[in-house]
Amino acid sequence: MSEEESGVLLDRNNGLGVVTLNRPKALNALTLEMIETLDPQLAEWAADDSLGAVLIKGAGEKAFCAGGDVRAVWRAGKDGGDLTKLFFWEEYRLNRRIHVFPKPYVAILDGVTMGGGVGLSIHGSHRIATERLMFAMPETAIGLFPDVGGTWFLNRCPGETGLYLALTGARLGAADAAALGLATHVVPSERIAALEEALAAADLSGDARGAVDRIVAEHAVHAGEPTLAPHRAVIDRCFAYDSVEEILAALEAEGGAFAAETLAGLRKKSPTSMKVSLAQLRRGRGLDFDSAMTMEYRLSQACMRPGSDFYEGIRAVLVDKDHAPRWTPATLEEVSDAMVDGFFQPAERELLFD
Ligand code: QUE
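Just so it is clear, the structure is predicted and the values come from calculations on it, not from any experiment.

Rules behind the numbers
- Residues numbered from 1 in each chain as written.
- Predicted model: local features only at pLDDT ≥ 70, side-chain atom pairs only at ≥ 80, totals over all residues.
- Heavy atoms only, no water.
- Helix = DSSP H or I, 4+ residues; strand = E, 2+ residues; numbered from the N terminus.
- Contact = heavy atoms within 4.5 Å.
- Areas by Shrake-Rupley, 256 points an atom, 1.4 Å probe, with all protein chains shown as cover.
- Lys, Arg positive; Asp, Glu negative; His and termini not counted.
- Charge placed at Lys NZ, Arg CZ, Asp CG, Glu CD.
- Phe/Tyr/Trp six-rings, centres within 6.5 Å; stacked < 30°, edge-to-face > 60°.
- Lys NZ or Arg CZ within 6 Å of the ring centre and 35° of its normal.
- Buried < 20%, exposed > 50% of the residue type's maximum accessible area, 1.4 Å probe, protein only.
- Arc of directions from axis to C-beta.
- Pairing = 2+ DSSP bridges.
- Near = heavy atom within 4 Å.
- Polar contact = N/O pair within 3.5 Å; in protein donor to acceptor, adjacent residues only side chain to side chain.
- Nonpolar A, V, L, I, M, F, W, Y, C, P; charged D, E, K, R; others polar.
- Axes fitted to C-alpha atoms, helices over the stretch in contact; angles between N-to-C directions.
- Right-handed = clockwise from strand over helix to strand, strands pointing away.
- Core = buried A, V, L, I, M, F, W, Y, C linked by side-chain atoms within 4.5 Å.

Caption draft 1: Seen up close, the overall build of the protein chain. Counting its secondary structure elements, the protein chain contains 17 helices and nine strands. Overall, the protein chain is about 60 × 45 × 40 Å in size when its C-alpha atoms are taken along their principal axes. For the protein chain, contacts bridging at least 24 residues in sequence account for 73% of all contacts bridging at least 6. Taken as a whole, the protein chain presents about 14,700 Å² of accessible surface, with 50% of it coming from carbon and sulfur. Side chains of the protein chain carry 35 positive and 51 negative charges; the gap between the two charge centres is 2 Å.

Printed below as a string of structure tokens:
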């Protein structure tokens, strides 16, 4: 398959490996073919002494990457295809390869960055937000859970902000992403081309990390005021509980526009997804990275079972686009602890690492 067909362009510019996610009409949503092209290239670049760093970006003006190609996974789930198993398997292995990548890995988050796109960036050393960043983990809106390492990185956000992002799917701009440690730097989109040129022109043969740090810092600007800052106390108070029911009750008791908007958003999400996602973050708090990914793979496979909210969520958001999902169960009280527990049972084929 040519690079063009695989949806990923791979380039070498002196000491810099350059990855371009190249499905701009689909907001660069990540396909299995893209994963299978990128993963071996990263393995080769990790071992190549003549390569100092990697840069990854999205084609077009709108997106870094809007997520996984969940429409294809949805179709496979309906048709009994293997993609429901293989997609998450290969995607999480790629997330891990980025997590352990031994060289600077610079992701240019210039536009929509959700779900699978977060997984292609957050595990690298440098996450560069521009003023066009729209960052979210929106999976509770489609009957999934915040995967691609959400167990790891959401549990490392300050206070209860990680759980807030997980349950609500809140959209963040550059200043908020930087304040939560999701982005490491903010660079205006008009300076991105210059940043890439400077990285390609640099001598990365010695201390590549130091050189990339210096060049990125030279292009970065002050992140600006995070819009979530005034709401941090409410978030940390209301999302401190170990049940979704208590979180909703706390938001109701809180009063104010922010709590009301947050509540209204949560009431549209899959009740099962909210309970599973809360359990995911709480159970995942003490896990090492590999164990977290093994757990997420179990959750992904449980979400693929026939009749699960994933099929209705994708139908409502990406297929029919009526944005009126009919969740089953429809209420939180009908989602029992035993049902949540069932999501954490071992997968038919476990995702394990050596
Ligand atoms: C939740 C998600 C995704 C989403 C919307 C959600 C997701 C995803 C896409 C998406 C968006 C535009 C595209 C596309 C996919 O939307 O994972 O192919 O063109 O990939 O509410 O998790």
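Okay, back to it.
Caption draft 2: Representation of the packing of aromatic side chains in the model. Inspection of the entire model under this criterion finds nine aromatic pairs. Members of the aromatic cluster, each reached through a chain of ring pairs, are F87, F88, W89, Y92 and Y297. Here the guanidinium or amino end of R283 rests over the ring plane of F344, the centre of that ring lying 4.0 Å away.

Caption draft 3: Fine view of helix α12 (residues 244–254). Along α12, the residues that are buried comprise V244, I247, L248, A250 and L251. Buried residues of α12 fall within an arc of 160° about the axis and therefore sit on the same side. Those residues of α12 hidden inside the fold are in contact with α7 (161–168), α11 (232–238), α13 (257–266) and α14 (271–284). Two residues or fewer after α12 comes G255, characterised by a positive phi angle close to 70°.

Caption draft 4: Representation of the sheet that holds strand β5 (residues 105–109) within the structure. Spatially, the six strands line up as an open sheet ordered β1-β2-β3-β5-β7-β9, and their pairing is mixed. The sheet terminates laterally at β1 (8–13) and β9 (185–186), the two strands that pair on one side only. Two strands pair when backbone bridges link them, and β1 and strand β2 (residues 16–21) are joined in this way by six bridges, in the antiparallel orientation. Bridge pairing in β2 links L10 to V19.

Caption draft 5: Inspection of the site of the ligand at higher detail. Taken together, 15 residues sit near the ligand, with A26, A66, G68, P138 and I142 positioned nearest. Interatomic distance of 2.5 Å between a backbone N/O atom of G68 and an oxygen atom of the ligand. R71 has a polar side-chain atom sitting 3.4 Å from an oxygen atom of the ligand. A total of 450 Å² of accessible area belongs to the ligand in isolation, and the protein chains cover 86% of it. Elements with a contribution of two residues or more to the shell around the ligand: α3 (70–79) and α16 (309–319). Tallied by class, residues from the shell around the ligand come to 11 nonpolar, two polar and two charged.

Caption draft 6: Structural context of unusual backbone geometry. For the bond running from T328 to P329, omega is -5°, close enough to zero to count as cis. As for its position among the elements, P329 is in the loop between α16 and α17 (337–342). Although it is not a glycine, L27 sits at a positive phi angle of roughly 55°. Relative to the elements of secondary structure, L27 occurs in the loop between β2 and α2 (32–47). The class of L27 is partly exposed, set by a relative accessible area of 28%.

Caption draft 7: Main features of the sheet that holds strand β6 (residues 112–114). Sheet architecture is open: three strands sit in the order β4-β6-β8, paired in parallel fashion. Each of the sheet's edge strands pairs with one partner strand only, and the pair in question is β4 (63–65) and β8 (134–136). In this sheet, adjacent strand axes meet at a mean angle of 15° when their direction is disregarded. Pairing of β6 with β8, which is carried by three bridges, proceeds in the parallel orientation. Looking across to β8, one finds that M114 is bridged to A136.

Caption draft 8: Focus on the pairing of strand β3 (residues 53–58). Here β3 lies mainly inside the structure; five of its six residues are buried. Bridging between β2 and β3 involves six bridges; their strand directions are parallel. By the bridge assignment for β3, V19 is matched with I56. Between the parallel elements β2 and β3, the chain passes through α2 in a crossover that is right-handed.

Caption draft 9: Seen up close, the nonpolar core. Counting 94 residues, the largest nonpolar core has V19, L21, L42, L120, L182, F239 and F310 as the members making the most contacts within it. With seven residues, helix α15 (residues 289–303) is the largest single contributor of residues to this core. If you look at the next biggest cluster of nonpolar residues, it comprises 19 residues, including L16, I128, L199 and A208.

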